[in-house]
Amino acid sequence: GAKTLGEKQYQFFEPVMAQAALNDLVLETQLREGLERGEFELYFQPQVDPVQGRLMSAEALLRWRHPTRGLLTPEHFIAVAERHPLMVPLSQWVLRQAALQAQAWHHSGVAAVPIAVNLSRMQFRLDGFADAVREVLAQINVPGPWLQLELTERMLMDDVPAACETLRALRALGLTIAVDDFGTGHTALAHLTQLPLDKLKIDQSFVAGLPHENGAVAITRAIVQMAQGLGLRVGAEGVRRREQWNLLQDWGCHELQGEMVAPPLSVADFEAWARQRQNP
Ligand code: C2E
Ligand code: MG
Ligand code: MG
Ligand code: MG
């Protein structure tokens, strides 16, 4: 609708303005103030199974309700935030907020599915990260399986033995692990058999090339087959068209995410979406 279109136009013009108007220092100050003032929120995008369209999980996506610039997506601030120690408290806020939402939706029955959380590189490398996760979950009484953690290939490959150890500890708590933007990083394939993983998410750049680009077709199909062979679940993001949905379904992809299902939604919009699905 009009809202979606408005957001798209905003996303298109904003980065140019952002570069001209704001340097990193200003943005850092604003980020700190934003965190203190509670200007951050989570949006949620459904991931559904292609056959029944059943809700399988919801990905938490960070948004910043900036006092003068409107609702900002991560492309406008995440790169700067990632270079600043502030990313740690911001990331921990995301984790806790996602866990709170998982609890609310499990108890209300609106969406009794895991919530997927994007981890930041700094957060994943913190000493005792798995312990910190355990504490957050214990504090608010949320079981591990209610959260899925999304990591990029780079975060896994930074230090494979350390990543293995942290992931084992997280999985021991019941959390599941997904590799985000899969196919764009530099994972040595040998490590895929060693790392304790649950799911690969095919990067949307490959999905965008379906169904007509031969290269995208070959790579997407190969990732689906590889995941199946390794006993991992496989999801696709950025599904925008019916032909993409059909192909991914035929190949045996387990979960689809994208505009064809729903865009990222505010909590209220997500609840309305989920209720409508339950009682069509
Ligand atoms: P991601 O984790 O790969 O998330 C998927 C991104 O693709 C989201 O963008 C989502 O809105 C977008 N997307 C999914 N399907 C479609 C589609 O069909 N069409 C279009 N146009 N877009 C689609 P978003 O929310 O702007 O997030 C961008 C990236 O920012 C994320 O990519 C993730 O890497 C990062 N990010 C988001 N939230 C967090 C967070 O809480 N913490 C951290 N560390 N990073 C985050
Ligand atoms: Mg993600
Ligand atoms: Mg992704
Ligand atoms: Mg991405």
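The text that follows walks through the structure, step by step, so that each part is easy to find.

Rules used throughout
- Throughout this description, residue numbers start from 1 for each chain and increase along the sequence as written.
- Whichever chain is written first becomes A and whichever ligand is written first becomes 1, with later ones labelled in order.
- In keeping with the predicted nature of the model, local features appear solely for residues at pLDDT of at least 70, side-chain atom pairs appear and are counted solely at 80 or more, and the whole-chain, interface and lining totals rest on all residues.
- As a convention, hydrogens and water are excluded, and side-chain values are obtained from all of the structure's heavy atoms.
- Secondary structure follows DSSP: runs of H or I at least 4 residues long count as helices, runs of E at least 2 residues long count as strands, and numbering of each begins at the N terminus.
- Each residue is placed in one exposure class: buried if its accessible area under a 1.4 Å probe, protein chains only, is under 20% of its type's maximum, exposed if it is over 50%, and partly exposed if it falls in between.
- In what follows, a contact means two residues having at least one pair of non-hydrogen atoms within 4.5 Å.
- Areas reported here follow the Shrake-Rupley algorithm with a probe of radius 1.4 Å; residue values treat only the protein chains shown as occluding.
- None of His or the chain ends enter the tally, which takes Lys and Arg as positive and Asp and Glu as negative.
- The location of each charge is read from NZ of Lys, CZ of Arg, CG of Asp or CD of Glu.
- Strand pairing requires that DSSP identify at least two bridges connecting the strands.
- Whether a residue is near a molecule or strand depends on its heavy atoms: if one lies within 4 Å, it is near.
- A 3.5 Å cut-off defines polar contacts: any pair of N or O atoms within that distance qualifies, except that in protein one atom must be a possible hydrogen donor and the other a possible acceptor, and neighbouring residues in sequence count only when both atoms are side-chain atoms.
- Residues were grouped as follows: Ala, Val, Leu, Ile, Met, Phe, Trp, Tyr, Cys and Pro as nonpolar; Asp, Glu, Lys and Arg as charged; and all remaining residues, including Gly, as polar.
- Aromatic rings from Phe, Tyr and Trp, taking only the six-membered ring of Trp, are treated as a pair when their centres fall within 6.5 Å; an angle between ring planes under 30 degrees marks them as stacked, one over 60 as edge-to-face, and anything in between as tilted.

## Points about the overall build of the chain
Moving on, step 1. In terms of helices and strands, the chain carries 13 helices and nine strands.
Moving on, step 2. Across the 280 residues that make up the chain, the buried fraction comes to 49%.
Moving on, step 3. Across the chain, every contact between residues at least 6 apart in sequence was considered, and the portion connecting residues at least 24 apart equals 69%.
Moving on, step 4. Counting only carbon and sulfur atoms, one obtains 53% of the accessible surface of the chain, whose full area is about 13400 Å².
Moving on, step 5. Counting 25 positive and 32 negative side-chain charges, the chain places the centres of these two groups 4 Å from one another.

## Let's talk about the pairing of strand S5 (residues 147-152)
Moving on, step 1. The buried count for S5 comes to five of six residues, which makes it a mostly enclosed element.
Moving on, step 2. By the bridge criterion, five bridges tie S5 to strand S6 (residues 176-182) in an arrangement that is parallel. The residue of S6 that forms the bridge with Thr152 is Asp180.

## Concerning the site of ligand 1
Moving on, step 1. Lining the immediate environment of ligand 1, one finds 24 residues, of which Arg63, Asn118, Asp180, Gln204 and Glu259 sit closest.
Moving on, step 2. The contact in question runs from a nitrogen atom of ligand 1 to an N or O atom on the side chain of Gln45, over 3.4 Å.
Moving on, step 3. Arg63 is positioned such that a nitrogen or oxygen atom in its side chain is 2.8 Å from an oxygen atom of ligand 1.
Moving on, step 4. Residue assignment for the shell around ligand 1 shows that the elements contributing at least two residues are strand S2 (55-66), helix H4 (87-108) and S6.
Moving on, step 5. Its residues assigned to classes, the shell around ligand 1 comprises nine nonpolar, seven polar and eight charged.

## Section: the packing of aromatic side chains
Moving on, step 1. Throughout the structure, instances matching the rule amount to eight aromatic pairs.
Moving on, step 2. Centre to centre, the rings of Phe40 and Phe77 are 5.8 Å apart; their planes meet at 70°, and the pair counts as edge-to-face. Of this pair, Phe40 sits in strand S1 (residues 40-48) while Phe77 is found in the loop between strand S3 (70-72) and helix H3 (78-82), placing the two residues 37 residues apart along the sequence. The same class applies to Phe40 and to Phe77, which are both buried.

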